[in-house]
Amino acid sequence: MKKYFIVLLFILLPTVSFADDFLGAPIAPDAQTVNKSEKQFTYTTSMSHDEVLSFYKEKMATFENIKYRDWEEETYIEDDGSMGWHSIIISKEPGEQGTQVVMSKDSWSWIMGTLILRYIAVFVVLMVVFLGMKISGAIISSYVKSAEAKKA
Amino acid sequence: MSVNEILDLLKGILHTTGVFNFELNVIIMWAIGALFMYLAIAKKYEPLLLLPIGFGIFAVNFPLVPLMGYTESGHPQLLEVFYHYGLQWEVIPCVIFLGLGAMTDFGPLIANPKTLIVGAGAQLGVFVTFTGTVLAGFTLKEAASVSIIGGADGPTTIYLTQKLAPQLLGANALAAYSYMAMVPLIQPIIMKLMTTDSERQIKMKQLRAVSRQEKILFPLVTCGIIALLVPAVIPLMGMFMLGNLMKESGVVARLTDTAQNSLMNIMTIFLGVTVGATMSADSFLSWKPLFIFGLGLIDFAVCTVGGILTVKIMNLFLKDKINPLVGSAGVSAVPMAARVSQMEGMKYNKTNHLLMHAVGPNLAGVIGSAAAAGMFIAMFD
């Protein structure tokens, strides 16, 4: 009997925890599911943007490596630690159903994408320095030449 | 006074000594400290840094020593003061960059600016290692700080680690400086594997003379561009370029001399001993530092490969070919990596002097690794 109870507990536990969180990230109490998949969870809530933001700040006060970004149309919360989720986006403009919150699973595509882009960006920075050197070099060369011509 | 009272008194005195507070794990740290001091003294591997680092590790791992921490009344102890103001406030890496700038001649890079691209290509390992570190269970911030080791730039590694993952400062700094010291051992094997005999024989055109005006304008242009594109690293790059401007302007000889010598030496002492002091047995003896050392080697090797590959790709489009042996100098171990290019070039052709050609990518590597660090800082800001 005890064995069956433990098995049942293991089956039910993820379901129970999923009701309150998405991969460890809390979900607002009156959340209405809009879309739910393994990679993403979208819900709406009657709470305002500021209330949702306060809710997350309070719930995740003890979480390490959480970053809050205030964007024009939404607030972006990102986990730079080792949580199962990667981001939570809270829209600033409430729709008919209320404030929309999109939670995304931590994904390798984000990591690889950002790494490749940043590696390319290093090339871009050095290319711009290269161009800057070329242009300034050309200006100085012409200046030196004209100065020498004047002397002659 | 009774015998018991005398014994209690003796007991009290003995308990204030380190002997009664001794733990076995400190012996491993003494051995690590001794190893670094041995490498510095006997093998002359980066002695200016490995000696004070080794001593810092050794000294801080004695029980009850009032070096790293706070007194009961809350006053910081000696090395804690150095650590707080020097590293936590990110002063030391920036001031060291001022000294490095004052010691650097950018002439070879200005004469052949396309070698800047090699400095970018050599950051390959930094981004590849990031992935490996995340896979191993490090957080993204820790992964960024570990992966910058491959750029082989000590101050940049310390600057980034202090910003993103200060708990890894000792291990990262030690790995960065160890691999910088081991450039002549690691790079030649990779250089040989990555190049053909005919490529190693490529003779490069003599570099053009660079005017004083160009040398003065370079730090200003570079500082402006970096400030616009990667503002996060301007404390480092700004100081680097200020040091260089002081040198090239020629009007502040006293300041340049101080930056190159006294100031640089003072900072090096503080940096070394403080980095060593962060490595107490409690924080250092875990799987992470060992993993950092292992991954750092791969990181450094991939960066070397990245530099050589970049030159090979560039050669597909260039009329005047670049010897791929200078590609390995794209890691910013200045000037060791450039010297290795010279030595390897001479092995295959005694008349092929690559030193000045390798200095360009070497300096580009400094800018490249700072740009990569800036990308990581921006990622987490």
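One structure accompanies this document, and this report is about it.

When you go through chain A residue by residue, the secondary structure sums to 3 helices and 8 strands. Looking at chain A as a whole, 22% of its 152 residues qualify as buried. Residue pairs at least 24 apart in sequence account for 43% of intrachain contacts in chain A once pairs closer than 6 positions are excluded.

Let's shift gears to the overall build of chain B. Secondary structure assignment for chain B yields 21 helices and 0 strands. Over its C-alpha trace chain B gives a radius of gyration of 23 Å, about what one expects of a compact globule, namely 21 Å for 381 residues. Among the 381 residues that make up chain B, the fraction classed as buried is 53%. When contacts within chain B are restricted to residue pairs at least 6 apart in sequence, those whose partners lie at least 24 apart make up 73%.

Turning to the sheet that holds strand β5 (residues 66-70) of chain A, a few remarks are in order. Think of a sheet as strands paired side by side through backbone hydrogen bonds, with each pair either parallel or antiparallel. Residues and elements named next belong to chain A. With antiparallel pairing, 6 strands are arranged side by side in an open sheet as β3-β4-β8-β7-β6-β5. The outermost strands of the open sheet, each flanked by one partner alone, are β3 (32-36) and β5. Each adjacent strand pair in this sheet contributes to an overall mean axis angle of 15°, direction not counted. As paired strands, strand β6 (residues 74-79) and strand β7 (residues 85-91) are joined by 5 bridges and run antiparallel to one another.

This next bit is on the interface of chain B and chain A. Contacts between the two partners involve 34 residues from chain B, matched on the other side by 25 residues from chain A. Elements represented by at least two residues in the side of chain B that touches chain A include exactly α7 (116-121), α8 (124-135), α9 (140-147), α14 (212-229) and α21 (355-380) of chain B. The residue makeup of the side of chain B that touches chain A, split by class, is 22 nonpolar, 9 polar and 3 charged.

Residues and elements named next belong to chain A. In this antiparallel pair of consecutive strands, β6 and β7, the connection spans 5 residues. Strand direction decides the pairing type here: β7 and strand β8 (residues 99-105), joined by 5 bridges, are antiparallel. Bridging from a neighbouring strand, W85 pairs with K105 of β8.

So, about the packing of helix α5 (residues 91-103) of chain B against helix α10 (residues 154-164) of chain B. Residues and elements named next belong to chain B. Orientation of α5 relative to α10, taken along the N-to-C sense of each, is 155°, at an axis distance of 9 Å. By the angle between their directions, the pair α5 and α10 is classed as roughly antiparallel. As α5 packs across α10, the resulting crossing turns out to be left-handed. Residues P93, I96 and F97 of α5 lie in contact with α10, whose contacting residues are P155, I158 and Y159. Class assignment of the residues belonging to the contact of α5 with α10 gives a composition of 6 nonpolar, no polar and no charged.

Another aspect to go through is helix α16 (residues 253-260) of chain B. Residues and elements named next belong to chain B. Of all the residues in α16, the buried ones are T256, A259 and Q260. Take α16 and look down its axis: the buried residues cluster within an arc of 95°, on one side only. Where the residues of α16 are buried, they touch α5, α15 (234-249) and α17 (262-277).

Before going further, it helps to examine unusual backbone geometry. Put simply, V334 of chain B and P335 of chain B share a cis peptide bond, and its omega is -5°. Within the secondary structure, P335 of chain B is located in the loop between α19 (287-315) and α20 (336-348). The phi dihedral of L23 of chain A falls on the positive side, at around 50°, and the residue is not glycine. The residue L23 of chain A is located in the loop between β1 (21-22) and β2 (25-26) in this model. Under the C-beta neighbour-count criterion, L23 of chain A is labelled partly exposed, with 18 such atoms within 10 Å. With phi around 60°, E90 of chain B is a residue other than glycine that occupies positive phi space. If you trace the backbone, E90 of chain B turns up in the loop between α4 (78-88) and α5.

Before going further, it helps to spend a moment on α20 of chain B. Under the 1.5 Å per step criterion, the end-to-end length of α20 of chain B is 19 Å for 13 residues, consistent within 8% with the ideal 18 Å. Residues of α20 of chain B that are buried in the fold lie against α12 (183-194), α13 (197-200) and α21 of chain B.

Here is what the cut-offs are and how they apply
Residues numbered from 1 in each chain as written. Chains lettered and ligands numbered in written order. Predicted model: local features only at pLDDT ≥ 70, side-chain atom pairs only at ≥ 80, totals over all residues. Helix = DSSP H or I, 4+ residues; strand = E, 2+ residues; numbered from the N terminus. Buried ≥ 20, exposed ≤ 12 C-beta atoms within 10 Å, placed from the backbone. Contact = placed C-beta atoms within 7 Å. Rg over C-alpha atoms; globule rule 2.2 N^0.38 Å. Pairing = 2+ DSSP bridges. Axes fitted to C-alpha atoms, helices over the stretch in contact; angles between N-to-C directions. Nonpolar A, V, L, I, M, F, W, Y, C, P; charged D, E, K, R; others polar. Parallel < 35°, antiparallel > 145°, perpendicular 65-115°, else oblique. Left-handed = near helix turned anticlockwise from the far one by under 90°. Arc of directions from axis to C-beta. Expected span 1.5 Å × (residues − 1).

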